[in-house]
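If you want the building blocks of each chain, they are given just below.
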Amino acid sequence: MRSRQRGVNLGFLLLISQLFRVGPSNVPPVTLATMGLNIYLFLAPQKQLLDVCISVQNAYIYKDWTRLIFSPFYHADDWHLYFNMVSLLWKGIKLERRLGSPWFAYIIGVFSLLTGVVYIILEMVLTEFTKDPSYIRQCAVGFSGVLFALKVINNHYFPGGVAHVFGFPVANKYACWVELVAIHLVSPGTSFVGHLAGIVVGLLYTKGPLKKIMKICAGYSGLRSSPRRSNAYNSYTPFNQYSPNNTYSASNEAPGYEPYTGGLSEEEQYQAAIRASLNDQGSGHAQRRPNYGFNIPTGPLTQEEIRQRRLNRFEG
């Protein structure tokens, strides 16, 4: 494991620049809070890296299980932090809006612990098969394992498409495996087993029993996964923020930021925009509704109503 570089360097400055380019208000709360925790522990570490990194020797043999909690949130240097947090930024924006903030926070917590557990198991298996005791001493830190798990479930919820790994187009469903190998070849100092542990956790969630187990545990605790149309996270992409007449302008969109549509079709989105516009143009004594994004239509508009609203909109 590399020693921690002191001071604030270019990687950290680029991360802050990227965050403000997107706009903190456009980042869902759990994603923003997780990034904030990682950044805080980078700037003001509460422990030394050697005291938080996870390995078979430190966690399993010496029974220091607190490393399962701390190791994902510490980073070796500013570039390590930069690449992990930028990856979290884009994955978090998509997944937190898709799953809802409570469930996404639940996933972050479970994955942070479970990737460490799987990492220890994989290192023990490698030690047993290779008879090489060095595996039990390999110590790892960083959020990369959790990010590989999030990459797997991101591809599960948003299937299809192509990712670019070091400039080469790769189908999304294979991207995590290609990236696993490519990162290890380009940067041998990274933890291959740590990244593999993340993929295993992601597959346990999407293909295995992990999601069902989490739902059962959530049922006992009262936690529920937010439905796709929940207003709990509509408010992060208010429709009216793009232009006064409720027409979306791509030039106002942060790079890589996908506005949340509440699961509505294009026609339903248009109907919702019409209703929002009519609410804004209501009588002077009527109370104006908060600007929290789409209001789900209570019933479909007729074709004649749609035609008339379009005429009124363009004539107005």
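In the nomenclature of an unreviewed UniProt entry, the chain is known as Rhomboid-related protein 4-like of Huso huso.

Q: Can you walk me through the overall build of the chain in this structure?
A: When its secondary structure is counted, the chain shows 13 helices and 2 strands. In the chain, buried positions account for 43% of the 316 residues. Entry remark: accessible area of the chain is about 17000 Å², with carbon and sulfur atoms responsible for 59%.

Q: I tried to follow the UniProt feature "transmembrane region" (unreviewed entry) in the chain on my own but got confused; where do I start?
A: The UniProt entry lists residues 103-122 and 181-205 under the feature "transmembrane region" (unreviewed entry), expressed in the numbering used here. Note that residues 103-122 is 100% helix and 0% strand, and that its end C-alpha atoms are spaced 27 Å apart. Helix makes up 80% of residues 181-205 and strand 0%, whereas the separation of the span's terminal C-alpha atoms amounts to 22 Å.

Q: Explain the nonpolar core to me, please; I cannot follow it from the model alone.
A: Across soluble globular proteins, you tend to see nonpolar side chains buried next to one another. Counting 55 residues, the largest nonpolar core has Ile107, Phe111, Leu150 and Tyr205 as the members making the most contacts within it. Setting aside residues up to four positions removed in sequence, Phe111 forms contacts with Val146, Ala149, Leu150, Ile153, Val201, Tyr205 and Leu210. One finds Val152, Cys176, Leu180 and Ile199 within the second-largest nonpolar core, a separate group that totals 6 residues.

Q: Looking at this structure, I do not really get the pattern of salt bridges. What am I missing?
A: Should their charged atoms come close, side chains of opposite charge can pair. Considering all chains together, one arrives at 3 salt bridges under this definition. As a salt-bridge pair, Lys151 and Glu179 come within 3.0 Å of each other at their nearest N and O atoms. Of this pair, Lys151 sits in helix 8 (residues 144-157) while Glu179 sits in helix 9 (residues 172-186), and the two are 28 residues apart along the sequence.

Rules of the game
Residues numbered from 1 in each chain as written. Predicted model: local features only at pLDDT ≥ 70, side-chain atom pairs only at ≥ 80, totals over all residues. Heavy atoms only, no water. Helix = DSSP H or I, 4+ residues; strand = E, 2+ residues; numbered from the N terminus. Buried < 20%, exposed > 50% of the residue type's maximum accessible area, 1.4 Å probe, protein only. Areas by Shrake-Rupley, 256 points an atom, 1.4 Å probe, with all protein chains shown as cover. UniProt positions renumbered as here; feature names shortened; annotations may be inferred. Core = buried A, V, L, I, M, F, W, Y, C linked by side-chain atoms within 4.5 Å. Contact = heavy atoms within 4.5 Å. Salt bridge = Lys/Arg side-chain N within 4 Å of Asp/Glu carboxyl O.

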